[in-house]
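Single-letter residue listing:
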Amino acid sequence: MELERRSQWLRGVLDLCVLGVLAHRESYGYELIQSLHAAGLDGIQGGTLYPVLLRLQRGGQVAAQWREGGSGPARKYYRITPAGAETLRRSAADWEAFAGGVSAILREVAAR
């Protein structure tokens, strides 16, 4: 897959993916990156993730709290808010409709 195209797709849905991960459990930045990588979303680094987290925090979609690390420095933990959970619910339905339409078009092309 063309790397630039994949990057554009990811930029469009990274906030939803972050909310989706946080819907399962609160997390800190590096742990979020690892969860996204485990889901097949490679290439995400702090310089990409932290602006998304800041935007979600400013928009009231996530809340953050600093916590002392047991064996290292303090970490900023993020959790989804009720507003973020509602956004995720609505956006997941929108994404399914959008992705379904794209998939239908691409299936037609592949069948030719």
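Shown above is the structure to which this text applies.
Residues numbered from 1 in each chain as written. Predicted model: local features only at pLDDT ≥ 70, side-chain atom pairs only at ≥ 80, totals over all residues. Heavy atoms only, no water.

Novice: It is not clear to me how the packing of helix α1 (residues 3–24) against helix α4 (residues 82–111) should be interpreted in this structure. Could you clarify?
Specialist: In a pair of packed helices, the angle between the axes and the distance between the axes together describe the arrangement. Running from N to C, α1 and α4 cross one another at 125°; their axes reach a closest spacing of 10 Å. Judged by the angle between their axes, α1 and α4 are oblique. The two elements α1 and α4 meet at a crossing, and its hand is left-handed. On α4, the residues that touch Val13, Leu16, Leu19, Gly20 and Ala23 of α1 are Gly84, Thr87, Leu88, Ser91 and Trp95. Split by residue class, the contact of α1 with α4 holds six nonpolar, four polar and no charged. (Axes fitted to C-alpha atoms, helices over the stretch in contact; angles between N-to-C directions. Helix = DSSP H or I, 4+ residues; strand = E, 2+ residues; numbered from the N terminus. Parallel < 35°, antiparallel > 145°, perpendicular 65-115°, else oblique. Left-handed = near helix turned anticlockwise from the far one by under 90°. Contact = heavy atoms within 4.5 Å. Nonpolar A, V, L, I, M, F, W, Y, C, P; charged D, E, K, R; others polar.)

Novice: Honestly, the environment of Ser7 in this entry has me stumped. Any pointers?
Specialist: For Ser7, the location among the structural elements is in helix α1. Residue class for Ser7 comes out partly exposed when judged on its relative accessible area of 26%. Between the C-alpha atom of Ser7 and that of Gly101, which follows or precedes it by 94 residues, the distance is 20 Å. (Buried < 20%, exposed > 50% of the residue type's maximum accessible area, 1.4 Å probe, protein only.)

Novice: How should the layout of surface pockets be read in this particular structure?
Specialist: The computed volume of the largest pocket comes to approximately 530 Å³. In terms of lining, the largest pocket is formed by 21 residues, of which the most central are Arg6, Trp9, Leu10, Val13 and Leu41. Breaking the lining of the largest pocket down by element, the ones donating at least two residues are α1 and α4. Take the lining of the largest pocket: its biggest share by element is 10 residues, from α1. Among the residues making up the lining of the largest pocket, the classes are represented as 13 nonpolar, five polar and three charged. (1 Å grid on protein atoms, 1.4 Å probe; cavity = no way out; pocket = protein on both sides within 12 Å on 5 of 7 lines; lining within 4 Å. Points joined across faces, edges and corners; volume = space filled by probe spheres on them.)

Novice: How should the side chain of Ser27 be read in this particular structure?
Specialist: Mapped onto the elements of the fold, Ser27 is located in strand β1 (residues 27–28). Of note is the side chain of Ser27, whose polar atom sits 2.8 Å from the side chain of Glu31. Not counting residues within four places of it along the chain, the set of residues in contact with Ser27 comprises Leu22, Leu32, Lys76, Tyr77 and Tyr78. (Polar contact = N/O pair within 3.5 Å; in protein donor to acceptor, adjacent residues only side chain to side chain.)

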